Amino acid sequence: MTLTHEQDGRAGEGLARYLLEIGALTPEWAEMFRAVPRSAFLPNLMWAYDMASGRSRPVSRSDDPVAWERTAYANVPVVTQWDDGRHTGTEPGTVATSSASMPSVVAAILRDLDVSDGMRVLEVGTGTGWNAGLLTRRLGGSNVVSVEIDAAVADRARAALKRAGLNPEVVHGDGRDGWPDGAPYDRLIVTAGVRAVPSRWLEQTRPGGVILAPWGAHYSDQDALVRLTVHEDGQASGPFLRMVEFMKLRSQRLDWNRFAEYVPAFPGDADESRTPLTLADLGGRNEPARFVTGLCVPDCAHVVNQTDQGAGKAWFFDLTSQSWAAVEFAADEPHATVYQSGPRRLWDEVERALTWWAEHGRPDLDRFGLTVSPDGTTRAWLDRPADVLTFA
């Protein structure tokens, strides 16, 4: 069983009405959501993602068409590819590598993109093609270019767009290079988590144009949507808007295997000290403490192995040397044990950043922002670009 065109239209109308009610969708985008159904861009087998549990479950159009249609119009993200396409079967794979974002996220990001008639848009990360379809319905196919690194994903998106009567330019390529043939762009929108803003994106966006991207430090897997305005001098600067969650740009994924040789024996020759900070002070999955620490402590990756409530070990690794730190937290101890090795005192930097954040009243994410230089150098700031975060 599949929805008729009339039923599909009613389902699309219901989704648009819901998104309008919750404030994610603006009236100027409502017609696009009604006219470009999400279901037209989803594969027969997809995996509905549960944000609370972090688990995905298979939904097959062949096996359960009712559940498939319900999922297609639900405000949930769905995984459409695992393990860069190497995955087979119906059970979830190891790493989700392509998806359709939840409709409320798509609507809110398009709202923040703030497009108007005649603007040219470059999208990095085509995915299913639904986002490109919505942009095309709004701006026309000649004004939308979408770049996708995975050839099979690009082919499926291109076919879905064609079936929907939409004709943006879909390019198979690495989105970190942008697409110079279509430049300059008024807007550049990224649908993958970014760890560094490539200079090519700045070069291909006209002065006064906007780059909208989920950005985060390698410190954690968190992303926050940043809205950068490109200036005449080639710099781009702007605030963080809110936390989001995206798969990472393939060329910027963190390879955790690189840290295997950092700690040949624990604790080895590491210096030992104590800290009054707790495991909770580091911040949970969606808490701003982790994101802010990543802003303040560059070129650092960290992971927490929690063993019990308030207990576990946190690891910190320098991306530019083999410096590392580990902190052992015990639930019934007033102080945790710190181990640090190498020329960079990573835990000292983390502790200093968390202390600074607390002393400044734990400012919310939207008070922070980024400035990106033409060479790709990134500076984080609080409240205004002149107030750069420095902890040297």
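First, a word on scope: everything that follows refers to the structure included in this document. This structure is a prediction, so every number in the text was calculated from the model and none was measured.

1. Let's talk about the overall build of the chain
Item 1. Helix and strand counts for the chain stand at 9 helices and 18 strands.
Item 2. Rg of the C-alpha trace for the chain: 22 Å, near the compact-globule value of 21 Å for 392 residues, within the 12% margin.
Item 3. Projected onto its principal axes, the C-alpha positions of the chain cover 65 × 50 × 40 Å.
Item 4. When contacts within the chain are restricted to residue pairs at least 6 apart in sequence, those whose partners lie at least 24 apart make up 60%.
Item 5. Of the roughly 17700 Å² of accessible surface on the chain, a fraction of 49% belongs to carbon and sulfur atoms.

2. A short note on the packing of aromatic side chains
What describes a pair of aromatic rings is the distance from one ring centre to the other and the angle between the planes of the rings.
Item 1. The full count for this structure, using the stated rule, is 17 aromatic pairs.
Item 2. Judged by centre distance (6.0 Å) and plane angle (85°), the rings of Trp47 and Trp82 are edge-to-face. Pair noted here: Trp47 is in strand β1 (residues 45-50) and Trp82 is in strand β3 (residues 78-82), with a separation of 35 residues, a long-range link. The same class applies to Trp47 as to Trp82, namely buried.
Item 3. An aromatic cluster is present here, built from Trp256, Phe259, Tyr262, Phe266, Trp315, Phe317, Trp324 and Tyr339 joined pairwise through their rings.
Item 4. Positioned above the aromatic ring of Phe266 is the side chain of Lys313, whose terminal nitrogen or guanidinium carbon lies 3.9 Å from the ring centre.

3. Remarks on the side chain of Thr205
Item 1. By the secondary structure assignment, Thr205 is in strand β9 (residues 205-215).
Item 2. Classification of Thr205 as buried rests on a relative accessible area of 3%.
Item 3. A polar side-chain atom of Thr205 sits 2.8 Å from the main-chain carbonyl oxygen of Trp201.
Item 4. Beyond its immediate stretch of four places on either side in the chain, Thr205 contacts Tyr185, Leu188, Val210, Ile211 and Val230.

4. What about the pattern of salt bridges?
Item 1. A complete count under the given rule lists 25 salt bridges for this structure.
Item 2. Ionic contacts of the salt-bridge type, sharing partners, join the residues Asp84, Arg86, Asp150, Arg250 and Arg253 into one network.

5. Notes on the sheet that holds strand β16 (residues 336-341)
Item 1. If you walk across this open sheet you meet the 5 strands as β12-β16-β15-β14-β13, and the pairing is antiparallel. Of all strands in the sheet, those bounded by a partner on one side alone are β12 (271-275) and β13 (300-308). Within the sheet, the average angular offset between the axes of one strand and its neighbour, ignoring direction, is 15°.

6. Topic: helix α2 (residues 27-35)
Item 1. Listed as buried for α2 are Trp29, Ala30, Met32 and Phe33. The buried side chains of α2 occupy one side of the element, clustering within an arc of 170° when seen end-on.

7. What about the pairing of strand β14 (residues 311-318)?
Item 1. Burial within β14 is extensive, with 7 of its 8 residues counted as buried.
Item 2. Across 8 bridges, β13 lies against β14 in antiparallel orientation. Counted as the bridge partner of Asn305 is Lys313 from β14.
Item 3. The sheet contact formed by β14 and strand β15 (residues 324-329) spans 6 bridges and is antiparallel. By the bridge assignment, Phe316 is partnered in β15 with Ala325.
Item 4. Two successive antiparallel strands, β14 and β15, enclose a turn made up of 5 residues.

8. A few points about the sheet that holds β9
Item 1. The mixed open sheet is built from 9 strands, whose spatial order is β7-β6-β5-β8-β9-β10-β11-β17-β18. Every other strand in the sheet has two partners, leaving β7 (169-172) and β18 (378-382) as the edge strands with one partner each. Strand-to-strand twist in this sheet, taken as the mean axis angle between neighbours without regard to direction, amounts to 20°.

9. Description of the nonpolar core
Nonpolar side chains in soluble globular proteins tend to be buried together.
Item 1. Of all hydrophobic cores here, the largest spans 56 residues; its most connected members are Trp215, Phe240, Leu282, Phe316 and Trp347.
Item 2. Among the elements that take part in this core, helix α9 (residues 346-359) stands out by supplying 7 residues, more than any other.
Item 3. Core analysis: the second largest hydrophobic core is formed by 45 residues, Val36, Trp68, Met119 and Val121 among them.

10. Section: the layout of surface pockets
Item 1. Considered as a void within the structure, the second largest pocket measures approximately 540 Å³ in volume.
Item 2. As for the second largest pocket, its lining consists of 26 residues, of which Gly294, Leu295, Val297, Pro298 and Asp299 are closest to the centre.
Item 3. Contributions of two or more residues to the lining of the second largest pocket are made by α8 (288-296), α9 and β18.
Item 4. Its residues placed into classes, the lining of the second largest pocket shows 16 nonpolar, 5 polar and 5 charged.

Parameters and conventions
- Residues numbered from 1 in each chain as written.
- Predicted model: local features only at pLDDT ≥ 70, side-chain atom pairs only at ≥ 80, totals over all residues.
- Heavy atoms only, no water.
- Helix = DSSP H or I, 4+ residues; strand = E, 2+ residues; numbered from the N terminus.
- Rg over C-alpha atoms; globule rule 2.2 N^0.38 Å.
- Contact = heavy atoms within 4.5 Å.
- Areas by Shrake-Rupley, 256 points an atom, 1.4 Å probe, with all protein chains shown as cover.
- Phe/Tyr/Trp six-rings, centres within 6.5 Å; stacked < 30°, edge-to-face > 60°.
- Buried < 20%, exposed > 50% of the residue type's maximum accessible area, 1.4 Å probe, protein only.
- Lys NZ or Arg CZ within 6 Å of the ring centre and 35° of its normal.
- Polar contact = N/O pair within 3.5 Å; in protein donor to acceptor, adjacent residues only side chain to side chain.
- Salt bridge = Lys/Arg side-chain N within 4 Å of Asp/Glu carboxyl O.
- Pairing = 2+ DSSP bridges.
- Axes fitted to C-alpha atoms, helices over the stretch in contact; angles between N-to-C directions.
- Arc of directions from axis to C-beta.
- Core = buried A, V, L, I, M, F, W, Y, C linked by side-chain atoms within 4.5 Å.
- 1 Å grid on protein atoms, 1.4 Å probe; cavity = no way out; pocket = protein on both sides within 12 Å on 5 of 7 lines; lining within 4 Å.
- Points joined across faces, edges and corners; volume = space filled by probe spheres on them.
- Nonpolar A, V, L, I, M, F, W, Y, C, P; charged D, E, K, R; others polar.

Function cannot be inferred from these measures alone, as they are strictly geometric.
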